[in-house]
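Understanding the architecture of this molecule
One letter stands for each residue in the lines below.
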Amino acid sequence: MQGLLKEWRRTHYSKNVNSDLKEKEIIIMGWIHEIRDLGGIIFVLVRDRDGMIQVTAPTKEVDDEIVKQIRNFRKESVVAIKGTVQESGKAPNGVEIIPSEIQILNLANQPLPMDPTEKVKAEIDTRLDSRFLDLRKQNVSSIFKIKSQMLRTVRDFFYNNEFVEINTPKLVASATEGGTELFPITYFEREAFLGQSPQLYKQIMMSSGMDRVFEIAQIFRAEEHDTLRHLNEVVSIDMEASFMDDIDVIKILNNMIQQVLIDIKTNCSEALEILEHEIEIPECNFPIVRYDDAVDIVNSKGVEMEWGEDLSRAGEKALGDTMDGFYFLTEWPSEIKPFYVMPNKEDPTKSHAFDLMYKDLEISSGATRVHQYDLLVEKIAEKGLNPDAFKSYLKAFEYGMPPHAGWGVGADRLTMVLTGTNNIRETVLFPRDRRRLTP
Ligand code: ATP
Ligand code: MG
């Protein structure tokens, strides 16, 4: 019995074919990107994950059967091509393949719902409707190569710093912080919700003695607004560490981002080039702007902001005009931060909460947490929430909860910064927004 592909196996990706392989027979596999039939000679560009290779068929020199096969090619069909490598001044990589045998593995239908060669530009909605085709474009797949490197660096960073990777439930009984940003679901005969944050679980884990934990997982927010930086399902990189405070975890976040930038600059140079994006490695310590000073900066830019208010979009933009690159915003008012944020001992109107910003984009929120049971109950009630609804969370604070701190980074927003994209939909394979639930 004949196996898959007549026992053919790919010998090379396009990027690995170069003049060192001159006169050698190789097998490439990929998609038909472009066909140019000049009569006496046919040029076919075959594309794979990392690039393209030219297949050149002088019609008098190659087999008639091959010429016939090539003339039947349809764009974006999947092929396997066996042939000999030759030098060629005009082809990508300076080499071409003279085919000796071709297998058409799957014919693509015509017309294509969108053009992956980008001769015709498509709107984001058309692109997302045919995301698999959209991803065949190198400028699109490059975003996800960079995102993958980022996630790899983040994981390595945590492991190198003695963190334990955890998984917490995404089906939850009640809200993390109250609020209306929850997706209700039917859980047998009860109502439940999709998790908006692993916050309460990673805190419970501090009482487990695990000491340092992290999780990379989806969070769900029923936010109705339609912006370039919000989606309803995103990936959150969360950490929590015992016997640490905001200063400690700011340092950890700073170091992690620094490592991500270095690794991407080093390992993703091709993807960055395709995206025409440059990564700058900032000074070791990102600047710290206290909330009080942020209010002054925002007002000085003509955007009204009172002490105690959250940053408006205009406020974020005003700050972003002043601050270049990454910076921390610290000492937020307690009033606008969740109940689990530790208030400042001397001045409880202020808190030990911080954000990491990149220009006008919030990348992360974190804080020293309240670890004292009585204070926590008080703060829950203060926020107008019912402590009874938090019983299983509060229990962990009754029997030896260490002081702790942590943060959550929006992985998709961080990817926006790393790839120089301004729409979060570009950094998520299958984005979920108010209007989109497919594919
Ligand atoms: P924003 O004020 O920008 O809406 P947030 O303060 O509500 O964000 P947090 O609850 O602090 O968000 O979540 C921590 C991080 O998770 C944010 O800094 C952001 O990077 C990311 N994040 C939260 N919600 C979203 C969302 N809807 N879309 C994309 N990223 C999000
Ligand atoms: Mg926040």
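Structure shown above.
This section reports on the structure supplied with the text. Values in this document were obtained by computation on a predicted structure and should not be read as measured data.

**Side note on a nonpolar patch on the surface**
On the surface, Leu171, Tyr187 and Phe188 cluster together into a nonpolar patch covering about 340 Å² of accessible area. Relative to the elements of secondary structure, phenylalanine 188 occurs in the loop between strand 8 (184-187) and strand 9 (190-194). Classification of phenylalanine 188 by relative accessible area gives exposed; the value is 65%.

**Here's the deal with the nonpolar core**
The biggest cluster of nonpolar side chains holds 50 residues, and the ones touching the most others in it are Phe158 and Trp407. Of all the elements, helix 6 (residues 246-267) adds the most residues to this core, at nine residues. Met205, Val213, Tyr291 and Ala353 belong to the second-largest nonpolar core, a separate cluster that totals 36 residues.

**Here we look at the coordination of the magnesium ion (ligand 2)**
Geometry reference: four tetrahedral donors at a metal, ideal angle 109.5 degrees. Six octahedral donors, ideal angles 90 or 180 degrees. The protein atoms that coordinate the magnesium ion (ligand 2) are Glu362 (OE) and Ser365 (OG), at distances spanning 2.2 to 2.3 Å. What makes glutamate 362 partly exposed here is its relative accessible area of 25%. The class of serine 365 is partly exposed, set by a relative accessible area of 28%.

**Regarding the packing of aromatic side chains**
The description of an aromatic ring pair rests on the distance of the ring centres and on the angle between the ring planes. In total, this model carries 17 aromatic pairs according to the counting rule given. For the ring pair phenylalanine 339 and tyrosine 340, a centre distance of 5.3 Å and an interplane angle of 80 degrees mean the geometry is edge-to-face. Across the pair, exposure class does not vary: phenylalanine 339 and tyrosine 340 are buried alike. A ring pair is formed by tyrosine 393 and phenylalanine 397, whose centres lie 4.9 Å apart and whose planes are at 65 degrees; its orientation type is edge-to-face. For the pair formed by tyrosine 393 and phenylalanine 397, the shared burial category is buried. Three or more aromatic residues link up through ring pairs in this structure, and these residues are Phe157, Phe158, Tyr159, Phe163, Phe214 and Trp407. The ring of tyrosine 13 is capped by arginine 49, whose NZ or CZ atom sits 4.8 Å from the centre of that ring.

**Overview of helix 12 (residues 411-419)**
Counting buried residues in helix 12 gives nine out of nine residues, a clear majority hidden from the surface. When helix 12 is considered as a whole, its buried residues turn out to be Ala411, Asp412, Arg413, Leu414, Thr415, Met416, Val417, Leu418 and Thr419. Two residues or fewer after helix 12 comes glycine 420, characterised by a positive phi angle close to 70 degrees.

**Thoughts on the site of ligand 1**
Around ligand 1 lies a shell of 14 residues, among which Arg221, Glu223, His230, Leu231 and Glu362 are the nearest. Separating an oxygen atom of ligand 1 from a backbone N or O atom of glycine 410 is a distance of 3.2 Å. Within the contact set of ligand 1, an oxygen atom lies 2.9 Å away from a side-chain nitrogen or oxygen of arginine 413. Relative to its unbound accessible area of 590 Å², ligand 1 is 83% covered by the protein chains. Considering only residue class, the shell around ligand 1 consists of four nonpolar, five polar and five charged.

**Structural notes on the sheet that holds strand 8**
Reading across from one edge, 7-9-8 is the order of the three strands in this open sheet, with antiparallel pairing throughout. Looking at strand neighbours, the two that pair on one side only are strand 7 (171-172) and strand 8, the edges of this open sheet.

**Description of the packing of helix 8 (residues 291-300) against helix 9 (residues 313-322)**
Relative orientation of the contacting elements helix 8 and helix 9 amounts to 95 degrees, with a least axis distance of 9 Å. The angle between helix 8 and helix 9 falls in the class roughly perpendicular. Residues Ala294, Ile297 and Val298 of helix 8 pack against Gly315, Ala318, Leu319 and Thr322 of helix 9. In the contact of helix 8 with helix 9, the residues fall into five nonpolar, two polar and no charged.

**Section: the packing of helix 4 (residues 138-160) against helix 12**
The contact between helix 4 and helix 12 brings their axes to 10 Å, and the two run at 120 degrees. Taken as axis vectors, helix 4 and helix 12 run oblique relative to one another. The two elements helix 4 and helix 12 meet at a crossing, and its hand is right-handed. Here Ile143, Ile146, Lys147 and Met150 of helix 4 lie close against helix 12, whose contacting residues are Ala411, Asp412, Leu414, Thr415, Leu418 and Thr419. Grouping the constituent residues of the contact of helix 4 with helix 12 by class yields six nonpolar, two polar and two charged.

**Description of the environment of glutamate 278**
Along the chain, the position of glutamate 278 falls in the loop between helix 7 (269-274) and strand 12 (288-290). Of the residues examined, glutamate 278 reaches a relative accessible area of 68% and is grouped as exposed. As for glutamate 278 and glycine 420, which are separated by 142 residues in sequence, their C-alpha atoms are 8.3 Å apart.

**Some words on the sheet that holds strand 12**
Two orientations exist for strands paired in a sheet by backbone hydrogen bonds: parallel and antiparallel. Strand order in the open sheet formed by eight strands is 6-10-11-16-15-14-13-12, with mixed pairing between adjacent strands. The open sheet is flanked by strand 6 (164-165) and strand 12, the only strands paired with a single partner. Pairing of strand 15 (residues 361-368) with strand 16 (residues 404-410), which is carried by five bridges, proceeds in the antiparallel orientation. If you follow alanine 367 over to strand 16, its bridge partner there is glycine 406. Relative to the sheet, helix 4 contacts strand 6, strand 10 (212-220), strand 11 (233-242) and strand 16, its axis offset from that of strand 10 by approximately 150 degrees.

Cut-off values and rules
Residues numbered from 1 in each chain as written. Chains lettered and ligands numbered in written order. Predicted model: local features only at pLDDT ≥ 70, side-chain atom pairs only at ≥ 80, totals over all residues. Heavy atoms only, no water. Patch = residues over 30% accessible without salt bridge, like charges linked within 9 Å, V, L, I, M, F, W, Y side chains within 5 Å. Areas by Shrake-Rupley, 256 points an atom, 1.4 Å probe, with all protein chains shown as cover. Salt bridge = Lys/Arg side-chain N within 4 Å of Asp/Glu carboxyl O. Helix = DSSP H or I, 4+ residues; strand = E, 2+ residues; numbered from the N terminus. Buried < 20%, exposed > 50% of the residue type's maximum accessible area, 1.4 Å probe, protein only. Core = buried A, V, L, I, M, F, W, Y, C linked by side-chain atoms within 4.5 Å. Donors = N, O, S within 2.8 Å, 3.2 Å for Na, K, Ca; no water. Phe/Tyr/Trp six-rings, centres within 6.5 Å; stacked < 30°, edge-to-face > 60°. Lys NZ or Arg CZ within 6 Å of the ring centre and 35° of its normal. Near = heavy atom within 4 Å. Polar contact = N/O pair within 3.5 Å; in protein donor to acceptor, adjacent residues only side chain to side chain. Nonpolar A, V, L, I, M, F, W, Y, C, P; charged D, E, K, R; others polar. Pairing = 2+ DSSP bridges. Axes fitted to C-alpha atoms, helices over the stretch in contact; angles between N-to-C directions. Parallel < 35°, antiparallel > 145°, perpendicular 65-115°, else oblique. Contact = heavy atoms within 4.5 Å. Left-handed = near helix turned anticlockwise from the far one by under 90°.

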